[in-house]
Each structure stands twice: as C-alpha cells, then as structure tokens.
Amino acid sequence: MALDTNTVQAKIVAPPLGVGGPGYYATSFDKAIGLAKQYSIWPLPFATSCCGIEFMATMGPHYDLSRFGAERLSFSPRQADLLMVMGTIAKKMGPVLKQVYEQMAEPRWVIAVGACASSGGIFDTYSVLQGIDQIIPVDVYVPGCPPRPEQIIDGFMRIQDLVHNESQRRRNSPEYKALLESYGIR
Amino acid sequence: MSKQDHIKHSADSLEKETITLNIGPTHPATHGVFQNIVEIDGERIVSGDSTIGYIHRAFEKIAEHRPFYQVTPLTDRLNYCSSPINNMGWHMTVEKLLGVQVPKRAQYLRVIIMELARIADHIVCNSVIGVDTGALTGFTYVFQWREKIYEIWEEVCGARLTTNIGRVGGMERDFNEIAFKKLEEFLRDFPKGWKEFENLLVRNRIFMDRTQTVPTTPEFALQYGFTGPNLRATGVDYDVRVMSPYSSYEDFEFNIPVGTKGDTYDRFMVRNQEIWESLKIIRQALDKLPAGPYHADAPQFYLPPKAEVYNNMEALIYHFKIVMGEIDAPKGEVYHSVEGGNGELGFYLISDGGRAAYRLHFRRPCFIYYQAFTEMVKGCLLSDAIVAMSSMNIIAGELDA
Amino acid sequence: MNETIDYKKVTERIAEKFGAKVHSPEEPYGMLTLRTDKDSIIPLLQFLRDDEAMQFIFLTDVCAVHFPDKAEKFEVVYHIHSLMHNLRVRIKVALSGEPKIPTAVNVFKGANWMERETYDFYGVIFEGHPNLKRILNVDEMTIFPMRKEYPLEDNTRIDKDDKMFGRINVNREN
C-alpha cells in the first residue's frame, strides 16, 4: 500500500554545516558529535512533586518523550546526561540535589521544570528553596505550575539545541570552571 | 556488614548479621521523596526507620496568610493525583463555615468531577503496582485513560493536573457540550480498556504471588489511623462518602468494596473495584443531573464571572469586595472531611472573623498511615516491601504538606 | 449493645466519670467540643476508646493552635471518631506556661507522627513520646515555624519587596 505523502510527516534532521559532494561530506567533529549527542540524551528524572506527575504523562504513550532520543531514563546519576528537576525542592532536599548533581559525569545539563524548581513558585516559605539555581547551575527553565507536557518537551528540545551547538571544549574552559567554583562544586 | 547485638535474628537467619540499606530520598522505587533506612538480614527486613519532610512546603502557614479563595491552589498540590477532590473538600469546608447552600446541579457536577479524580488516582496507583512487579505494559497502556480524564477537566476548568476547579459556592462554570460528549466517550471506552488491564494482572499467577504479601489486620489499621482503600482492604467498611455524606452522595447507589487480608493484593483489588463503583456513580449522576443554577446565590462569597464583572455594576462591586477582602467570614471552627483518593482528607478550619483562616490544619491520610509502614514490613522480603509501599499510594505532596 | 448513642449521652457519660474536669461542652457546626486539662486528657481518651457503648476507637487528628494574646498560649486539639455510632468529638486542651502535655501514643499508635508534627510546628512537648524529634523540618532548625511570631516568608530572598509583591500579612495588620 502506498503511503499518502500528504498525511505522513517525518521530521528529517538537517545535516550539520559542512561541505558535501558526490560520495563525501566533510564537517567538523564538533558538529557531528553534537548531532549524535543531541539524540541520545539520558535524562535523570528528579521528580519530587506535581511536575513529576506531568513528567509521567510526558513519558507516557500520549506525549512520548522517547521520540526525542530520551527513551532510556537513567535513575543512576552516574550514567545520566541531563538532570530534570521537577517539583519543589525543600531546603531539606537541597543537599541531596546537589549531591546528585555532583555525582553526574561531565558533560551534564540541567532543566528546572516548573515554577517551584525555577523560583520557588507559590511557595515563598521558610522551608522551600527559592529556585534550584541557588545551589546548582541551570541550563533551561520551563515555566508553568505545572507545565504542560508539551512545555516539558519544548524545554527538552531547547536542551537538545544546547547539546548540539555546545563546543566540545566548553567544559574545560575557565569560564565554566569559574561557574562551578561559584556554586562550590569541584 | 556490621555485627549488631541489639538486633534479634530470626531462627532461619543464615548470616547472623545485618546490612543497613538506604532507600531514598531519590530512589526510583519510592515514587516520591521520602527515605527509608532498613536493616536487612539476607532479604528480610528486620527493622526500619522512615524520614520524611523532603518536600515540606508549609501549606498550613501559607493558609494563615491567604484569603480563603487563594487557599484552593494550595489544596491542588496536596494529593496532586486527585486534586479536584481536595479542591471540593476545601470549598465544602468554607461553605460549611459560611452556611452557603450549594444547588443540586452543582453538587452533582462536583460528584462527577470527584469520581473522575478518584479514577485517575487509582489508575496511577494500580498501574504503578504493576510497574513495581515488573509489568510496565499495563502502565503505558492505561495512562491513555488518565489523559482522557485530563481532557475532560481541561474542558471544565482549563487545567490538567492542578485544576483549581470550582469555587466557594458552586462551580465557576457549567460543563459545556464537549465536556459531556467526552464524558460519554470515556464512560463508553474506559471499561473495555480497564478490563484489559485487569485481565493482565488480576488472575495472573506471578502477580498474585508477588502481591499476596505484607498483610495487615483491622486492629492494626485502626490503631494507626488508616483510612481509604488501605483500611478497607483490611475489611473495615469505613468510607466518608457513606458515613457522613457530602455533596449529595446519599443520592447514589454504590458499594464499598472491602478486602479480607489487607495485603498488597487486597489493596490493589479494592482500588480496582472502586474504579468500577466510581463509574457507576458518574453514570447515575449524569442520568439524574438536575437542571438549574451551577452556583449558589451568595454574591458576598461567590466570585462573579469575569464577563459580568466588566458589564455589571453589582458584580463589579462584589468582585472588588471579595478580592480586596472587605467581607469577613463568621467566627467559628469547623471540621469537614471528604473521601480523598487515599482516605479521609480532613480540613480543620478556625476562623477568627478575618479574611484568612486563623488556623487551617489538613488531616492528610498519607501522612497518618505512612508511619505504620516500617511496622508493617517487619519480617517481609525487601522486594515485597517495595510493592507494599507503592500499594499504599504515598503521595509526597500530601505526606509532607 | 445496640443502644443508640448521641452527643447528649456522650456528655452525660463523661460527666459521670470525670465530673468538672471535662467542661464547657459546645456544638459548633454540629461537632461536640469538650475542654479538659492536661492531666485528664489521656484518661479521657482511654475511657472514650475502651467504653463498650461508645467505642471512640479512631483518632482522626491531633493538632495545635497558637494564641499569642491569651494567657494559655497553646491549645492542643484532638479529633476522635466512633465508627460504630458515626460520632465525632473534638477535645481541646489549653496549655499555659511551657507547653507540655502527656503523649497519646499509648492509647492510639497513630498519634506518634501527629504529635511529632505538632512538636515540629509549635514546640508542644509531648511527655513520654518515644521519639519526639522534628519530622518535616530540618533538625537544625531552631524556631517553631507555625507560631504566629515567625514570618511565613523565606528571609534569604532579596528580589521581592513589600511594595511589589505585597509581602505583608493580609489578615492581621499589626
């Protein structure tokens, strides 16, 4: 049966910038590796509350985050590339989160999903950490209380852009080291 | 490994020494942030200790600083798997304090919403029991039905998870045509889907062997303040919907499923059966849905619809008065409870006549029954304890307030 | 034992046993509310639980309330429930001076965490409690945050001010 080309839409990933001709294609290592990394991110769901339930929906069949190469959730921080912090982080939880971040291997990225993780949200109280960026560096913030699964996916795609375009040497740069230093992370 | 003399080993212990194992607070098996430190002898749990509070957000302190209608979003975040029940429970508490009578139609609409919430809650809990026993398929399969419920809520209030649904005095709007259509579709399709899920697990030998563990007795459950499905699994037919009916639950015919042994399988089956009962209630509520207004005629307390605020003088005045806090609530104290997804969710509200509560205490079912967990799993296998934990349906937001 | 029990009978039976120690019964919003002192609370709970006719076997809730302006600054509130007769009773104990009250763990095991929570929030000391330490907050915390004198907000935050975000007490401007 022939496929109806009008209804079937496949996303064709554009090749990285480079020079091509018959039988060859030349591009830089950075870009080729970035492309590969972009579609094989292993996220670590650090789900504490309501946003974690929306993350369950995101991973579920309806929204299906697996389409973006994030099929394999890594519950061990040592194998994870992306820390997805979903939900309120109380002050009691802060040191735990920091430890999880420290256990992750470079390169590592962080999404703060939801208002609580980004800024404390509606919980401007004595027991809640006012945004996880007080203890670990954050790459992408996803607003919403909780964000819809589409928003979480959008945040994930922003991370993919970062992964794709980031220089392979960024993690060795003095700026990055200074950033970690400012958070007291070795 | 450590040699510990203060721990008594069972007669069949091989090792004669125990290992301290830390589960949580970010362990994937805990489905929430709480920590259990257990002493295991081989694979058997000798003793345990729970630490909670990793997501303490100070709901009760916030509630003392916010007017009543701003507390509703907080209740969303208690048991976020079934937030509408919490919302409605809070509205009913305030209505009880103010003495507002909600019209029949609004009560029926509330019942529909609450029973949908119960189904959504039990879908999550039961499918997660499946995941913890190794059956991921059921989980991914039944989650589509939860999406359908979320779609109905979206039609009714515009939000998926933290719904903030209804208002003090009724609903903020009536159900629209699409909501009714989606409800009918849900009632038509969901039973088939849930039946398939049941076929997968209910009489599955492996599943039954894994889950017919960690039993509880009614005496134990009552001593520790169990409520909801966990209490009913032990055989006690306590259900707030029947004992002290609210929101016209007395109009509906339904059964309270109870278990016999109070083990993980019973907890699973009670929730399963409750889903069927909830479907029955929704069907009856839809069939008997009376016509009439969807909110009480209490302009001092019911926030008027936005369209009226812009076009109607009186609505504007009342809107201003409510939002700026010029209308005080009566003095008094009131306790109201609803049957939440996990059990009796109570609100103890003390009003000193101001805009906000002088004191608001949430009776959170999770918090109260989770203290029995380490006692329950003593002598059980570690793997059974994990399944028992998910069958108790501990929701971290509710646990830690 | 099929005698029907209502609030009137409960009050009578308690008065028979405890006399003036349990006083000022009220029924705000349809729930019997009694007051007693800290020496009688445990015998009272025990009596209500073990009484064959009443059977208040279920402890619904324990919480505290802070009244900074009163002489008796703290009040501990117990909600108990007789599943047999579907009656709920609220018992209040006012505490003056340093808030201390005997624990109810030996009557209802479920009181354990409820009392720990009350201690954590208000610093009410439950004497004889097997494990009275903080439950929700970090152990290092020095204050009892639910007391009225402590602010709600996180005081480390500098990007919010009163003018823009209204960080004031909406209820009682004092």
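Residues numbered from 1 in each chain as written. Chains lettered and ligands numbered in written order. Predicted model: local features only at pLDDT ≥ 70, side-chain atom pairs only at ≥ 80, totals over all residues. Heavy atoms only, no water.

1. Topic: the overall build of chain A
As a reminder, the rule being used: Where helices and strands are cited, they refer to DSSP runs of H or I of at least four residues and of E of at least two residues respectively, numbered from the N terminus. Only protein chains enter the accessibility calculation, which uses a 1.4 Å probe; a residue whose area is less than 20% of its type maximum is buried, one above 50% is exposed, and one in between is partly exposed. Contacts: residue pairs with any heavy atoms within 4.5 Å of one another. Areas reported as accessible are Shrake-Rupley estimates using a 1.4 Å probe. Residue values count occlusion only from the protein chains shown.
Scanning chain A from N- to C-terminus turns up six helices and six strands. Secondary structure elements of chain A, listed N to C terminal, follow the sequence β-β-α-β-α-β-α-β-α-β-α-α. Taken along the three principal axes of its C-alpha coordinates, chain A extends 65 × 45 × 25 Å. Taking all 186 residues of chain A together, the buried fraction comes to 48%. Long-range contacts, defined here as pairs at least 24 residues apart, represent 75% of the contacts in chain A between residues at least 6 apart. For chain A, the accessible surface area stands at approximately 9,000 Å², while carbon and sulfur atoms represent 58% of it.

2. Section: the nonpolar core
The test is simple: Buried Ala, Val, Leu, Ile, Met, Phe, Trp, Tyr and Cys residues form a nonpolar core when they are joined through side-chain atoms within 4.5 Å.
Core analysis: the biggest nonpolar cluster contains 216 residues, and L83 and I132 of chain A, F175, F186 and F226 of chain B together with L45 and Y78 of chain C have the highest contact counts within it. Setting aside chain neighbours within four positions, we find L45 of chain C in contact with Y78, I80, I91, A104, V107 and F108 of chain C. Residues Y63, F68, A70 and V140 of chain A belong to the second largest nonpolar core, which totals 21 residues.

3. What about the pairing of strand β4 (residues 82-86) of chain A?
Residue and element names in this part refer to chain A. Formally: If DSSP finds at least two bridges between two strands, the strands pair. With its strands directed away from the observer, a crossover is right-handed exactly when the path from the first strand over the helix to the second travels clockwise.
With five of five residues buried, β4 lies mostly within the body of the structure. Because side chains alternate across β4, one face comprises the buried residues L82, M84 and M86, and the other comprises L83 and V85, equally buried. Pairing of strand β3 (residues 43-47) with β4, which is carried by five bridges, proceeds in the parallel orientation. Residue pairing in the sheet places L44 in a bridge with L83 of β4. Taken together, β3, helix α2 (residues 50-59) and β4 form a β-α-β motif whose crossover is left-handed. Here β4 pairs with strand β5 (residues 109-113) via five bridges, running parallel.

4. Let's talk about the interface of chain B and chain C
Rules: The term buried area refers to how much accessible surface (probe radius 1.4 Å) is lost by two components on association, counted for both of them together. Here, a salt bridge means any Lys or Arg side-chain nitrogen found within 4 Å of an Asp or Glu carboxyl oxygen.
Taken together, the contact pairs 48 residues of chain B with 48 residues of chain C. Together, the buried faces of chain B and chain C total about 4,200 Å²; carbon and sulfur atoms form 58% of this surface. When the area that chain B buries against chain C is broken down by residue, the three leading residues are K61, Q223 and Y358 of chain B, summing to 17%. Between the two partners, chain B and chain C, sit five salt bridges.

5. Notes on the interface of chain B and chain A
How we decide: Two N or O atoms form a polar contact when they lie within 3.5 Å of each other; inside protein one atom must be a possible hydrogen donor and the other a possible acceptor, and for residues adjacent in sequence the pair counts only when both atoms belong to side chains. Polar here means any residue other than Ala, Val, Leu, Ile, Met, Phe, Trp, Tyr, Cys and Pro, which are nonpolar, and Asp, Glu, Lys and Arg, which are charged; Gly is therefore polar.
Counting from both sides, the interface comprises 34 residues of chain B and, opposite them, 29 residues of chain A. Summing the contributions of chain B and of chain A, the shared interface buries around 2,700 Å²; its carbon and sulfur component is 69%. Interface area lost by chain B to chain A is led by Y54, R57 and R160 of chain B, which between them contribute 20%. Between the two partners, chain B and chain A, sit two salt bridges. Here chain B is connected to chain A by 10 residue pairs in polar contact (both at pLDDT 80 or more). Of all the elements in the fold, those that place two or more residues in the side of chain B that touches chain A are α1 (59-63), α4 (104-132) and α5 (136-157) of chain B. With nine residues, the single largest contributor to the side of chain B that touches chain A is α5 of chain B. Here the residues of the side of chain B that touches chain A are counted per class, giving 19 nonpolar, seven polar and eight charged.

6. Focus on the packing of aromatic side chains
Keep this limit in mind: Working definition: a ring pair exists when centres of Phe, Tyr or Trp rings (six-membered ring for Trp) sit within 6.5 Å. Plane angles under 30 degrees give stacked, over 60 give edge-to-face, the rest tilted. Distance and angle both matter: a charge sits over a ring if NZ of Lys or CZ of Arg is within 6 Å of the ring centre and within 35 degrees of the ring normal.
Scanning the model with the defined rule gives 31 aromatic pairs over all chains in all. Grouped by ring-pair contacts, the aromatic residues W145, F186, F190, W194, F197, F207, Y265 and F268 of chain B constitute a single cluster. The ring of W42 of chain A has R72 of chain A sitting right over it, with the charged end atom 4.4 Å from the ring centre. A cation over an aromatic ring shows up here: R241 of chain B above the ring of Y249 of chain B, its NZ or CZ 5.9 Å from the ring centre.

7. With respect to the sheet that holds strand β3 (residues 44-51) of chain B
Picture the strands of a sheet paired through backbone hydrogen bonds; they go either parallel or antiparallel. Residues and elements named next belong to chain B. As a reminder of what qualifies: Note on geometry: axes are lines fitted to C-alpha atoms, helical ones only across the stretch in contact, with angles between N-to-C directions running from 0 to 180 degrees.
The three strands are arranged β1-β2-β3 in an open sheet whose pairing can be described as antiparallel. Two strands close off the open sheet at either side, each with one partner strand: β1 (19-23) and β3. When the angles between neighbouring strand axes are averaged without regard to direction, this sheet yields 20°. Taken together, the seven bridges between strand β2 (residues 35-41) and β3 define a ladder with antiparallel strand orientation. The partner of N36 across the bridge, within β3, is S50.

8. Digging into helix α3 (residues 111-122) of chain C
All names here are of chain C. The following threshold applies: A helix is expected to span 1.5 Å multiplied by its residue count minus one.
Spanning 12 residues, α3 covers 16 Å between terminal C-alpha atoms, matching the ideal 16 Å at 1.5 Å per step. Burial analysis of α3 places 12 of its 12 residues in the buried class, which makes it a mostly covered element. Among all positions in α3, only A111, N112, W113, M114, E115, R116, E117, T118, Y119, D120, F121 and Y122 are buried. Immediately downstream of α3, the backbone of G123 shows phi near 75°, a positive value.

9. Quick look at the packing of α4 of chain B against helix α11 (residues 264-288) of chain B
Residue and element names in this part refer to chain B. Our working rule: Each angle receives one of four descriptions, namely roughly parallel if under 35 degrees, roughly antiparallel if over 145, roughly perpendicular if within 65 to 115, and oblique otherwise. Definitions for this section: a left-handed crossing has its near helix turned counterclockwise from the far helix by less than a right angle. A right-handed crossing has that turn clockwise.
It is the contact of α4 with α11, at a shortest axis distance of 9 Å, that shows an interaxial angle of 155°. Between α4 and α11, the angle falls in the class roughly antiparallel. Of the two elements, α4 crosses α11, and the hand of that crossing is left-handed. Residues Y108, V111, I112, E115, L116, R118, I119, H122, I123, C125, N126 and I129 of α4 touch α11, and the partners they reach there are F268, R271, N272, E274, I275, S278, L279, I281, I282, A285, L286 and K288. Looking at the contact of α4 with α11, its residues break down into 15 nonpolar, four polar and five charged.

10. Here we look at the side chain of T118 of chain C
All names here are of chain C. If you trace the backbone, T118 turns up in helix α3. Exposure remark for T118: the relative accessible area of 3% places this residue in the buried category. Look past the residues within four positions of T118 in its chain and what remains in contact with it is V62, C63, A64, G123, V124 and F126.

11. Describing the sheet that holds strand β6 (residues 359-363) of chain B
Residue and element names in this part refer to chain B. In spatial order, the strands read β4-β5-β6; together these three strands make up an open sheet with antiparallel pairing. Both edges of this open sheet fall to β4 (331-339) and β6, since each of them pairs with a single strand only. The sheet shows a mean angle of 10° between the axes of neighbouring strands, direction not considered. Helix α3 (residues 83-98) rests against β4, β5 (344-352) and β6 of the sheet, and its axis sits at about 150° to β4.

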